[in-house]
Structures are given as structure tokens and as C-alpha cells.
Amino acid sequence: MTKNLRLKTGKAIDETYRISFKFNGSTYYGFKGDTLASALLANDVHLIGRSFKYHRPRGIMTAGSEEPNAIVQLHNDSSRTEPNVRATEIEIYEGLEASSQNCWPSVKFDIGGINNLLSPLLPAGFYYKTFMWPASFWEKYEYFIRRSAGLGKSPTKPDPDIYEHKYIHCDVLIIGAGISGIMAAKIAAKNGLKTLLVEEKPNLGGSTIYQNSDHFKINNQNSGSWLEKEINEIKKLKNLEIKTRTSVAAYHGYNFLLARENLTDHLPINQRKNKTRHKLLKIRANKVITATGSIERPMIFDNNDRPGILLSSAIKRFADYFGVACGEKNILFTNNDSAYETAISLVQKGINIEAIIDNREEVNSKLIYEVEKNNIKIYKGYTITDTSGYKRINKISIMQLSKDGQKVVGSKIILSCDCLGVSGGWTPAVHLFTQSGGKLKFREDDQVFIPNIYPSDQLSIGSCNGDFTLDEILLNTPKSLIEYLNIKNTEYDNLEILSSTNKSKRNIWLLPSDKILGKTKSFVDYQNDATAKDIKLALREGFRSIEHVKRYTTTGMGTDQGKLGNMHALGIISETAGAKMGELGTTTFRPPYTPLTFGTIVGRNVGEYFDIFRKTPIHDWHVIHKAEFENVGQWKRAWYYPKENENMHEAVQRESKAARESAGILDASTLGKIDIQGTDASEFLNRVYTNAWSKLAVGKCRYGLMLNEDGMVYDDGVTTRLGENHYIMTTTTGGAANVMGKLEDYLQTEWPELDVYLTSVTDHFATVSVCGPNSKKIVSEVIPDLDFSDESFPHMSFKNAKIGKINCRVMRISFTGEHSYEINVQANYAKSVWEKCMEAGKDFNITPYGTETMHLLRAEKGFIIVGQDTDATMTPIDLQMDWIVSKKKYDFIGKRSLYRSDTIREDRKQLVGLLTENPNEVLEEGAQIVADINKSPIEMLGHVTSSYYSPNLKKSIALGVVRGGKNMMGQKLIIPMEKKNISVIVADPVFLDKENKRLNA
Amino acid sequence: MFIINCPYCGEREQSEFKAGGEAHIVRPKQPTELSDDEWAEYLFMRKNIKGIQFERWNHAHGCRKWFNMVRDTSNDEIKAVYKMGEKPPVE
Ligand SMILES: [Zn+2]
């Protein structure tokens, strides 16, 4: 039976509402309002987990989001289990199950603990030094490291919860609802500003709300009661929105902030259904007031990491707020006055304090006198030199500090305890301020970094700005708000304040010990097990930059980003290297301030909402006819149409044969379409395409190749001259938006004198493409009024026509090499035109084909696909398309680059055809091409870009890029694959109908 | 994320815009007259300054106009925006 350490009072606790939960398989009870940490402490459970490197037993150290040790795995089920949850933040709920992580087989008996015994062998940089060599061994090391380290487990099933994103715009955002945040909220809202106050904890009021000591008074009430009234008042303010359980994760430039609002994690599981779990708030604020408070510093001494060692302020919070005593034999260790606030609070509640160890010599402080009145022994000028107790602290050793604080003197005193509270003073929580680009300055008096230069419209107030005592906060907060908000006065300008804290502090970053440093384990970063010794070792090995020391020792690189120990790391570096703190600077704090789940980050953008997808107006027909789809950019394109039991290969072979032997039909609506008008339209095309356009007759079509200014192929497509000053350009499906952007760029910036107007009409027109020897018969039936004779309507020409009352543009162009027509209609008529073609083609076995067959058919003809057969390194010359590059035009985009010394090299990669020696062997796209497999290392000449089995040629065909390939016709090359080497012969990339007879068949 | 004051539309979120690299690099009128080195200077060489930089931006998800921006790349402060063809403001 465990002890009950629950006290009679506890501000946040509802004792009428009992909650059961499980930790490491055992059932415990807590109350509504408890965090997992407070509930476990009430049950006398201190041992929570094991440390990362040495697997040392670790317990709860803090009562907030800065917790480095008490991180647990929540396992609701395999889809909701969550690692790295801070026990100090998660509120208990009926059905909560948590377990220790980073220990195996159990927290009490942990095999990895052997690392602790081996620790002399595991110094800073150990992982770097040992496991990085030889490189081939890394996989083996990694297995063991991951198994014994394992920071929790990921869920194995998709996250079933609902997440949302929300934009918020406000005049003032206030981060943190401690006393200064509450005051700021009231002032801002009462001055007519639309104000948002966010607080990471479930309740408002910070640490002041449970302050009921007579030593801290505002207008003659104790500070907690005073603040409670203020909170009740601000809740009524219309201009003010308050969000609790909302943690600001990131503070970006231009006052753009991301916050996570936690809506259901505290509810019993059966009340969470259909509710949004987390909201990611995207906040844009005109003004930001940071009131994020401060984090108490631990102290760096030998074995300062045992379960039962907590921050002094955490012990106070657990007692006052949650009604939990962390121990029965408490000792406090401090270098400043705040531990005495804890002591007074514990004494009030009848909790035993064995002793207080204070680094300072005699200090004139009301709080100390109060404690002394209660006959508590205070060891002034002493320090802790060591602790003992494996799974829970049971003894400490103390010795007197020398005058300079560098040594210990006198004899050792041993004191027993079951809980040790430490206070090394306070560190302003400047994480968000520095994330926003703010610059800090170092205040020598009390050794803290405080905000100095604001990069945007913002203000820091309260203890995150270095105001640690009640009187400083109450005096400075209204003053700075008057200036910042440009107002005359506030209702807080004349408060009557009683504050009893003496501000003196004896700061010693690394406390001395009677042992040599090498024999001590003084932890600086608890989560990553970085010790003072490691930091000194890094400095001895020559590291100087704080960022390098951080990475080498892993200080500050855990999930807590070293919120507790970063300052001590800096302090130790500063003292050892003899550098000034202010000049060293701090390491960079990066978002998120506390970890975010992936669910929160992606919000509703999951599954079919992951990305926008575009459908052609004929999409439904493809669905009904069982097409498989492929993604092309954002488009869903029909890929192939399998008939019963057909696999992809069989379907594509059937579709390809049908298109060449009789008739095929393709939905080509996704091709980009740009309407180009203006008196300079022809001149414009001359400049953007490699070939000449001025002489293209109205009613004719022409294929064009577009380059980048560096001479590399950018896009291609057919452009039709609809009128004297009117063209319609088609682009590749994927390139449409970029081509439009590029053309607009040139028109607006380089050639503003040209009279040209561009309109994207991709979505306005749909394209039905009918090809094959019977295509003419089919389209003649669909458009009976149009003269389809070859004389009147030859290849590469265009006619306006009507299908019933529907206007359409018919182009006789071909991407398959077959006799082929493309009917362009207003998008909403496309499906009916498609169906008319299907009906008219019935007798000709018209076969719908998808993108895969289209790719196969064009590959038989050696037509390139930009982006598949090209990357951004192929010129038209490399593609053996010299014919399309005008020699006469003075200039076009990319022309000058075509005769740079690099682009005229003969040994560039060039596009060639590849035929396998075994005609049934189909190459893998992307496979490497080599000439000599015996050479070491094997020289890579290029790769396969397109590869198919051609049913029309009854053999395998491929395109590829090969270094110097143009001059290799007929030569044998090798495609080395995992299991065999495949021989290929370099061939002409046009495999079928070199004479283009089929176009007029 | 910046707030950018499009000279045509006013203040909008950065997500509506596309950055277009260094400003005031004029495409040579007679590229064929240039040596490889001169052409490479136009094609490849960019300053990428830490500090005050002149940049091209496009209001891609808005009016689609290109314009110029003066931005301090060390702290992302936007000093000025001005239309294409206008003279850059002098500091
Ligand atoms: Zn605009």
C-alpha cells in the first residue's frame, strides 16, 4: 500500500471528483484538476523513467512544460498512443493509461542501466567518436542504440482524431496569463483593443494565484486573492478572448504566431467522440505582449538528478495548487530567497522541513526570519556536494563553501531526506522572444539574459523581462504598457504593494565538490544526460562556439530543448573559457516551444483533402468506365481502362493496338491552354519559342519548343493561329501554370512594349482526342457539316465547327503518329461530345485509352515528354531536335546559351533509342547505362528515360540519355541490373513509321 | 511570414506571392554580341546580399503583377515596394 500524500487544501483540485488511472500497469487514484505528475506524487510515486544515455532512474523535476525527465508514453490504443508526453502537463482523465519509456524490461529493473556503470566509457561525443567509424558498421550500432534508447513508440495505425486550423487576427496578443499577462489583458481590452490572451495551463493566474502569504500583498489583500478578483473581472470584458490549454509554438516574423489549442486531451475518453482534438491557431497580431514568465534554475552538483529532487517552485506548486506533498522529509537547497517562499508554504500546511541549505552567507530577509521562527535549521554558506539513493533520494552531503565559492571547506555533514527542492534563481522564458528575432542582453547583477532589441511590434513584461519580484512586476508592467499602447494611465498606477523578497543571489554555475570533477555526475541537461564534465571535455578538445559545444555534448537537444540547463551550460563554458556571458550569446531556440503532434500540423489536410485535385469535365465518365487514375500535378488523369481481369500491362497493350489498328479516344483536357492576343502576338511567339512563327498561316498549327534562358528545354506544345492576332497555345499538363507565369514575367518586365494579352483558358476548354485509321470516319459522323477531306483539312491545321449548337475548334494534330483530331469545346459540353464520339465509334471498336497508352504510342514515334525524357540539363540539340531551332531568328529565349562552351560539347548526354538484344526484355525506367562493366569504378554514361513493350512493333523499346549517344548508333551498351546485365543496342529514337505515312492513313 | 504591400492591391500575406530573385538585371538587348563570360554574368551571377537587397516579387495569387521590393535580408524588414520600371528608392 502506498502512502497518501494528499493535503487537505489544493486550489486546483476538485475532491468530489475522483479519477482512476493506470501507470505502468498499476491503478491509482487522483482528482479532477490533477496532472499525471501531481496524481503520481500524491501516491508517492517518484520514479517515472530512465535517462537517455545512462538509463539512470529519473523522477518528476518540475510542474510545467519545461519538464525534462517525467516524459511518458500514453497508450490509449494503437492509433492514439503518444510518446514523449510530459507528465507535468497531461491532466488525468478517466481511463488514462501511461507507462515509462526509455526503459527495458521495466522502469525498476533496466538493462540499459549498465551504461551508468560504463559511464567513464561514454563521454561527450562518444556516439560521434565511436559509432561513425567504420561507416559500414553504423547499421549494426544503430540497432542497439535505438533499442536501448528508444524515446517512446509511434502509433502504428492512422490517427483517427480531428484536427483543425484556424486564422485569428487581433490588435493585441498576450502570451501567458500570469499576473502581468492578466494586467496587460485588462489594460488592452479596456482601451478598446481586440485582445487575445493565451495560456498553456488549464487555469489563469500563473504562480501568483496560489500565493496566500501575508508577505505578499496588493491593496491590503494577499496577492492570490487580489489576482482572483482581477481574473473574474477580465472574464467579463467584451474585447477580450481567453484561450487556456493553448501553447504558442512558434513566433515568426511580422507578428505571425502559431499556437496549439488543446481541446479534448483532458476529457474522459468517452466524451471525446466527434470533437476536434487540437486546433492550430495561426495568429496575426498587430501587437504582441509576451508574458511567458520564467523558469526556475536547478543547481549543478554531484548526483543532482535523482528521483525526489525537484525544483523548489515545483514543490510549492504541487502543495499549494494540487494539494500534494512531494515528501515527508524535505530539504531545500537555494542560492536566493524563493526557496523560503516554498518553505513558508510547506510549514503552513504542516509539511516537515528538515533543513535549508543556502549558498549565501548571512542575508537580511523577512522570509528567512519567518522560516527561522519555525525552528528550521538553515545552513548558510553551505552547498550540497553529493546525494545518494538509487531510485529515490535518501541522503545528501553538505559542506561549507569557501569565500570565493570555488571550493568546499570544513567537514562533511550528512542529512537524510526523501525530497530535495532546489532553487538556482530564475531564467526568463525568452524562447518566443528570440524565435521572433529578438536580441538579448546579459544582466550581470543576477546573471540573466533579458530582452533588449525587439524585431517587431512587441513587448515583454513580467518575469520573462527580468522582473522577478512582485513589486517590480506591479510597478513596471503598467508603466511599460502606458508607453507601448500609447495610453495616459492604467488602473494599476497607484497600487499599494507589499513584497518581502530580498533580491540577493549567490550564483555559482558549477558548485564545488570535495571530489574531482572527473568523479562527479553533475547533470546540466537531464534529458540527454550531458554533465558539467562533458562540457569541460568539449572545451578541452577545442570546441569554442556555444553552438558546437551544444551539438557535441547534445546539451539542449532533447524534446525539452534544455529549458532547465542551457544557462548553466553557458555559465560553465564562460567560466572555463574565460569568456563573458554576454559575448558568448545563447544557443538558438527554435520552434516549436513545446512539441506539436503531426495531426495538429496537418489539420484537415489529410486523405482526399491532402491536396487539391483537379478533375476534367469527363472525369465521371472515366470513373463509371472503371479507369485507374494517375496523378499528374494536381490533375487526376485516366491512366488505363482495365477490362475484367486485365492487369495494367494487358490493358495498355490492348489500348495501344486498338489506337493504331482502328480508333482510340483520349481525354486531353488537362493540357495547359493559353489564349494569346494582340498585334505583337506573332513577334512574342518568335521570342519565346525556338522556331519561327511569323509565317504561320491563319488556320494552321505548329509544334513549338520553349527553352529557359540557359538553353535547356522547358516546355513544348502545339500552338494554333486562330486569327491574324490571335493564337491558342497548348502546354504540358504539369507545366501550364509555370509557362503562364514565365510568359507574363517576360511581358511585364523585359518586353512591356509588346502589345500582347495572355489568358489562361485551361479550365475553360476541354479536349477530346480521337486517333487511328478510322478517326476521320468517326469525327465526320460527329460533325457532319465539316469538310474533313485531306485537301481541305490537312495535318497541322484547324477549323471552327459546330456540333449541334455547340461551338468547337477542331485541330488535326497528332501526338501518337496516327491520323488524329482534337476537338476543343467549352468544358461543360465536353462529356456529351465525348459520348457522341464513343457512339459514332462503336462500329470501329473505338477504345478509350489513358495516359500510359499515350506514353507508349508517342514513344514508338520517339516523341519526347518534357520532364520524363528531359530534365533541366537537356538542350534541343541534346534531344536531336536541331530541326526545331531557327538559325535565322536573331534572338529567342535561350538562344545565346545554345553555343556556350558547355552546351556545344560533343560528349553531353543525348537522347537516343535503345533496343534490347532480347526483344522481350523490358528495361526499367531510371536504370543506369554503362559501356564497360569491368572498369572500376564503373563509368555511368546515362539512364533509361522511357521504356515499354510495343504491341505494334512486337518488341521492347526504350528511350534514354547517353553521354555522346548521338555518335553511338548501333553500338552495344549494358544496363546492369541487380540480378543480370542487359545488353542494348543504341538506335534511332523513332521506332515506328519514320516516313510519317500513318498521319494521312 | 511577411505581410507584403503589393503596389497594386495593398497588404497581403506572403503566401500569395512568389519571389523572383534579384531585381534590376536587364536582359541584354543583343545577346549574340556577348562573349560566353558576359552572357554567363547575366545568366548566373547573383549577389545574394546579407543586408539591403533589391528583389523581384510577383503577386501570383492576386493581381499577378511583378514588382520590386527592397528587403533587409538580415531581419526580413521590407523597406519599400515599387512598380516595375520605376526607379529604386535611394537610401
Ligand atoms: Zn497585387
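Keep in mind that what you see is a predicted model, and the values were worked out from it rather than measured.

### Describing the overall build of chain A
Piece 1. For chain A, the helix and strand inventory stands at 23 helices and 50 strands.
Piece 2. Judged by the C-alpha coordinates and their principal axes, chain A covers about 115 × 70 × 55 Å.
Piece 3. Residues counted as buried form 59% of the 1001 residues belonging to chain A.
Piece 4. Within chain A, contacts between residues separated by at least 24 positions form 67% of all contacts whose residues are at least 6 apart in sequence.
Piece 5. If you sum the accessible surface of chain A, you get close to 41,800 Å²; carbon and sulfur atoms cover 51% of it.

### Section: the domain arrangement of chain A
Piece 1. Taken domain by domain, chain A holds domain 1 (14-117), domain 2 (162-294 + 428-499), domain 3 (666-857) and domain 4 (860-1000).
Piece 2. Using C-alpha coordinates to define each centre, domain 1 of chain A is positioned 61 Å away from domain 4 of chain A.

### A word on the nonpolar core
Residue and element names in this part refer to chain A.
Piece 1. Ranked by internal contacts, the top residues of the largest apolar core, which has 135 residues, are L36, L173, I283, F318, I357, I396 and L420.
Piece 2. A total of eight residues in this core trace back to one element, the largest contributor, which is helix α5 (residues 179-190).
Piece 3. Ignoring sequence-local partners within four residues, the contact set of I357 consists of I331, L332, F333, T334, Y379, Y382, T383, I384, I396, I398 and L415.
Piece 4. If you look at the next biggest cluster of nonpolar residues, it comprises 32 residues, including V768, V770, I778 and V779.

### A short note on unusual backbone geometry
Residue and element names in this part refer to chain A.
Piece 1. Following P591, the chain continues into P592 via a peptide bond in cis, with omega recorded as 0°.
Piece 2. Mapped onto the elements, P592 comes out in the loop between α15 (581-584) and α16 (598-602).
Piece 3. Geometrically, the link from S936 to P937 is a cis peptide bond, its omega value of -5° lying close to zero.
Piece 4. For P937, the position within the fold is in the loop between β46 (928-930) and β47 (940-950).
Piece 5. We note that N84 has phi near 60°; this positive angle belongs to a residue other than glycine.
Piece 6. Mapping N84 onto the fold places it in strand β6 (residues 82-86).
Piece 7. Notably, D993 is not glycine yet its phi reads approximately 55°, a positive angle.
Piece 8. As for its placement among the helices and strands, D993 is situated in the segment after β50 (981-987).

### As for the coordination of the zinc ion
Six octahedral donors around a metal ideally make angles of 90 or 180 degrees; four tetrahedral donors ideally make 109.5 degrees.
Residues and elements named next belong to chain B.
Piece 1. Around the zinc ion, the donor atoms from the protein are C6 (SG), C9 (SG), H59 (ND1) and C63 (SG), and they sit 2.0 to 2.3 Å away.
Piece 2. As a motif over one chain, the donors of the zinc ion read C-x2-C-x49-H-x3-C. Taken together, the residues C6 in strand β1 (residues 3-6) and C63 in the loop between β4 (52-58) and β5 (66-72) connect sequence positions 57 residues apart.
Piece 3. Residue classification places C63 among the partly exposed residues on the basis of a relative accessible area of 31%.

### A short note on the interface of chain A and chain B
Piece 1. Taken together, the contacts link 27 residues of chain A with 27 residues of chain B.
Piece 2. Of the roughly 2,300 Å² buried at the junction of chain A and chain B (both faces included), carbon and sulfur atoms supply 45%.
Piece 3. Looking at the side of chain A facing chain B, the largest losses of area belong to A:Y254, A:Y890 and A:R896, adding up to 29% of the total buried there.
Piece 4. The tally of links between chain A and chain B comes to six salt bridges.
Piece 5. A:R896 is the salt-bridge partner of B:D36, the closest N and O atoms lying 2.7 Å from each other.
Piece 6. One can count 18 residue pairs in polar contact (both at pLDDT 80 or more) joining chain A with chain B.

### A few points about the sheet that holds strand β11 (residues 221-222) of chain A
Residues and elements named next belong to chain A.
Piece 1. Spatially, the three strands line up as an open sheet ordered β11-β10-β29, and their pairing is antiparallel. Both outer strands of the open sheet, β11 and β29 (497-499), are each paired with one neighbouring strand and no more.
Piece 2. The strands touched by helix α11 (residues 470-484) are β10 (216-218) and β29; relative to β29, the strand with the most contacts, the crossing angle is about 145°.

### Let's talk about helix α23 (residues 851-860) of chain A
Residues and elements named next belong to chain A.
Piece 1. Summarising burial for α23: 10 of the 10 residues are buried, a large majority.
Piece 2. Along α23, the residues classified as buried are T851, E852, T853, M854, H855, L856, L857, R858, A859 and E860.
Piece 3. In this structure, the buried side of α23 is in contact with β32 (628-632), β33 (635-640), α18 (648-661), β34 (664-667), β47 and β48 (955-963).
Piece 4. A positive phi of about 75° marks G862, the residue just after α23.

### Brief notes about the packing of aromatic side chains
Piece 1. Going through the model one piece at a time under the given rule, you end up with 26 aromatic pairs over all chains.
Piece 2. Where A:F318 meets A:F322, the ring centres are 5.8 Å apart and the plane angle is 40°; that geometry is what we call tilted.
Piece 3. By relative accessible area, which is 1% here, A:F318 ends up buried.
Piece 4. Among the aromatic residues, ring-to-ring pairing joins A:Y210, A:F318, A:Y321 and A:F322 into one connected group.
Piece 5. Directly above the ring of A:F793 sits A:K799, whose terminal nitrogen or CZ lies 5.6 Å from the centroid.
Piece 6. Lying over the aromatic face of B:W66, B:R56 brings its terminal NZ or CZ to 4.2 Å of the ring centre.

### Looking at the packing of α5(A) against helix α6 (residues 223-234) of chain A
All names here are of chain A.
Piece 1. Between α5 and α6, whose axes approach to 10 Å, the crossing angle comes to 35°. With respect to the hand of their crossing, α5 and α6 are arranged in left-handed fashion. On the side of α5, the interface is formed by I179, I182, M183, K186 and K190, while α6 contributes W226, L227, E230, I231, E233 and I234.
Piece 2. Looking at the contact of α5 with α6 residue by residue, the classes come out as seven nonpolar, no polar and four charged.

About the cut-offs
Residues numbered from 1 in each chain as written. Chains lettered and ligands numbered in written order. Predicted model: local features only at pLDDT ≥ 70, side-chain atom pairs only at ≥ 80, totals over all residues. Heavy atoms only, no water. Helix = DSSP H or I, 4+ residues; strand = E, 2+ residues; numbered from the N terminus. Buried < 20%, exposed > 50% of the residue type's maximum accessible area, 1.4 Å probe, protein only. Contact = heavy atoms within 4.5 Å. Areas by Shrake-Rupley, 256 points an atom, 1.4 Å probe, with all protein chains shown as cover. Domains from an automatic or database assignment. Core = buried A, V, L, I, M, F, W, Y, C linked by side-chain atoms within 4.5 Å. Donors = N, O, S within 2.8 Å, 3.2 Å for Na, K, Ca; no water. Buried area = accessible area lost by both parts, 1.4 Å probe. Salt bridge = Lys/Arg side-chain N within 4 Å of Asp/Glu carboxyl O. Polar contact = N/O pair within 3.5 Å; in protein donor to acceptor, adjacent residues only side chain to side chain. Pairing = 2+ DSSP bridges. Axes fitted to C-alpha atoms, helices over the stretch in contact; angles between N-to-C directions. Phe/Tyr/Trp six-rings, centres within 6.5 Å; stacked < 30°, edge-to-face > 60°. Lys NZ or Arg CZ within 6 Å of the ring centre and 35° of its normal. Left-handed = near helix turned anticlockwise from the far one by under 90°. Nonpolar A, V, L, I, M, F, W, Y, C, P; charged D, E, K, R; others polar.

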